[in-house]
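Topology and contacts: notes
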Amino acid sequence: MSRPPTIQTGAESRRSRVTQTPAELKEVIAAERTGHPFLVWRTDEGEQRLLLLDEQRWRVTIGRDPDADLPLPWDAEVSRTHALLEQVGRGWTVVDDGLSRNGSFVNGTRVVGRRRLRDKDRLVVGATAVTYRETSGGITQTASAIDSPAAIPLSPMQRKVLIALCRPVHESAAAIPATNRQIAEDVFLTVDAVKAHLRVLFERYGLSQLPQNEKRARLVASVLDAGVLAPRDF
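Description of the structure in this document. (Residues numbered from 1 in each chain as written. Predicted model: local features only at pLDDT ≥ 70, side-chain atom pairs only at ≥ 80, totals over all residues. Heavy atoms only, no water.)

So, on to the overall build of the chain. Scanning the chain from N- to C-terminus turns up seven helices and 11 strands. Looking at the chain as a whole, 45% of its 234 residues are labelled buried. Entry remark: accessible area of the chain is about 12,200 Å², with carbon and sulfur atoms responsible for 49%. (Helix = DSSP H or I, 4+ residues; strand = E, 2+ residues; numbered from the N terminus. Buried < 20%, exposed > 50% of the residue type's maximum accessible area, 1.4 Å probe, protein only. Areas by Shrake-Rupley, 256 points an atom, 1.4 Å probe, with all protein chains shown as cover.)

Below you can see the structure in the form of structure tokens.
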């Protein structure tokens, strides 16, 4: 059963346009490294929120009730008690057996009863999307490739490119990584040469398979978090 079309509210439109900042990506990487599943969503103002599903939890309530484990008081399409997440064995399931007025959806399909969640499943309740992240053996596929970024060898030029890429974010957590042209001007290379160096860096840090718009931010967050670059480098 497909979900009937809804009119996008101003708040929902803002959330759909938000780009993950380096600081927010750093929070996600830290959650990945705990080895526990977690949830990621955004408030009506577009602010990222995370909820760790650690050993202290076996059930999570989702709803408009401010006392819910995952509260969505701004979303008028969400019922006061909308859905439940429950741990079953080593995994998590979403349960919506008539609790909600408008239903719950996983990857576009309405949940009837109980459904097992998989890594990166997109749960939609009302007008709010919640992403479920699940680790494997304590390390996500992406995190495993960059588990020890400080141990990855860098040539002098690769290090210069990395410093130039990270410089704006080092100066302000709200900034975005430098563009290829900005890096080229900083290290006196052509844009094509910068792209070539970045491809090597993405490969070495295990980021090549990520979406293009995520590679740069994740690389910056990883190396700054691991202390690969010191303040004196900038």
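Side chains of a nonpolar character, in soluble globular proteins, are inclined to be buried together. Counting 24 residues, the largest nonpolar core has Leu162, Ile183, Leu198, Tyr205 and Leu219 as the members making the most contacts within it. Among the elements of the structure, helix H4 (156-171), helix H5 (180-187), helix H6 (191-204) and helix H7 (212-226) are those that each provide at least two residues to this core. Of the residues forming this core, the biggest block, seven residues, is contributed by H4. Excluding residues that lie within four positions of it along the chain, Leu162 makes contacts with Leu154, Leu201, Tyr205, Leu219, Val223, Val228 and Leu229. (Core = buried A, V, L, I, M, F, W, Y, C linked by side-chain atoms within 4.5 Å. Contact = heavy atoms within 4.5 Å.)

This part is about the packing of helix H2 (residues 22-32) against H7. One can describe the packing of H2 onto H7 by two numbers: an axis separation of 9 Å at closest approach and a directional angle of 70 degrees. Classified by the angle between their axes, H2 and H7 sit roughly perpendicular to one another. Every pair of crossing elements has a handedness; the one defined by H2 and H7 is right-handed. Side by side, H2 and H7 meet where Pro22, Leu25, Lys26, Val28, Ile29 and Glu32 of the first sit next to Glu214, Ala217, Arg218, Ala221, Ser222 and Asp225 of the second. Of the residues that constitute the contact of H2 with H7, the class distribution is six nonpolar, one polar and five charged. (Axes fitted to C-alpha atoms, helices over the stretch in contact; angles between N-to-C directions. Parallel < 35°, antiparallel > 145°, perpendicular 65-115°, else oblique. Left-handed = near helix turned anticlockwise from the far one by under 90°. Nonpolar A, V, L, I, M, F, W, Y, C, P; charged D, E, K, R; others polar.)

With that settled, the discussion passes to the environment of Ala151. Secondary-structure assignment places Ala151 in the loop between helix H3 (141-145) and H4. Considered as a pair, Ala151 and Val228 are 77 residues apart in the sequence and their alpha carbons are 8.5 Å apart.

Applying the stated rule across the entire model yields 13 salt bridges. Of the charged contacts in the structure, one is a salt bridge between Asp65 and Arg80, with a shortest N-O distance of 3.7 Å. Residue Asp65 is located in the loop between strand E3 (59-63) and strand E4 (70-71), and its partner Arg80 is located in the loop between E4 and strand E5 (83-88); the two are separated by 15 residues in the primary sequence. Close ionic contact of Arg133 with Asp119 constitutes a salt bridge, the shortest N to O distance being 2.8 Å. With Arg133 in strand E11 (residues 128-133) and Asp119 in the loop between strand E9 (113-116) and strand E10 (121-125), this pair connects stretches of sequence that are 14 residues apart. Note on Arg133: relative accessible area 10%, which makes it buried. For Asp119, a relative accessible area of 33% gives the class partly exposed. Because the salt bridges share partners, they merge into one network encompassing Glu32, Asp119, Arg133, Glu214 and Arg218. (Salt bridge = Lys/Arg side-chain N within 4 Å of Asp/Glu carboxyl O.)

What follows deals with the sheet that holds E5. Strands sit in the order E4-E3-E5-E6-E9 across an open sheet of five strands; the sheet is mixed. Single-partner strands in this sheet number two, and they are E4 and E9. (Pairing = 2+ DSSP bridges.)

This paragraph deals with the sheet that holds strand E2 (residues 48-52). With antiparallel pairing, the six strands of this open sheet are ordered in space as E2-E1-E11-E10-E7-E8. Each having just a single partner strand, E2 and strand E8 (109-110) make up the two edges of the open sheet. Note that strand E7 (residues 104-106) and E10 share three bridges and pair antiparallel. Residue pairing in the sheet places Val106 in a bridge with Leu123 of E10. Along the sheet face, H2 touches strand E1 (38-42), E2 and E11 and points at about 10 degrees away from the line of E2.

It is worth spelling out H4 at this point. The end-to-end C-alpha separation of H4 is 22 Å, in line with the 22 Å expected for 16 residues at 1.5 Å each. Considering only its buried residues, H4 is in contact with H2, H5, H6 and H7. (Expected span 1.5 Å × (residues − 1).)

We now examine the side chain of Arg218. Take Arg218: it is sitting in helix H7. In terms of polar contacts, Arg218 uses its side chain to reach the side chain of Glu32, at 3.2 Å. (Polar contact = N/O pair within 3.5 Å; in protein donor to acceptor, adjacent residues only side chain to side chain.)

Even without glycine at this site, Asn107 takes up a positive phi of about 55 degrees. Exposure remark for Asn107: the relative accessible area of 43% places this residue in the partly exposed category. One non-glycine residue with positive phi stands out, namely Lys120, at about 75 degrees. With respect to the helices and strands, the residue Lys120 is situated in the loop between E9 and E10.

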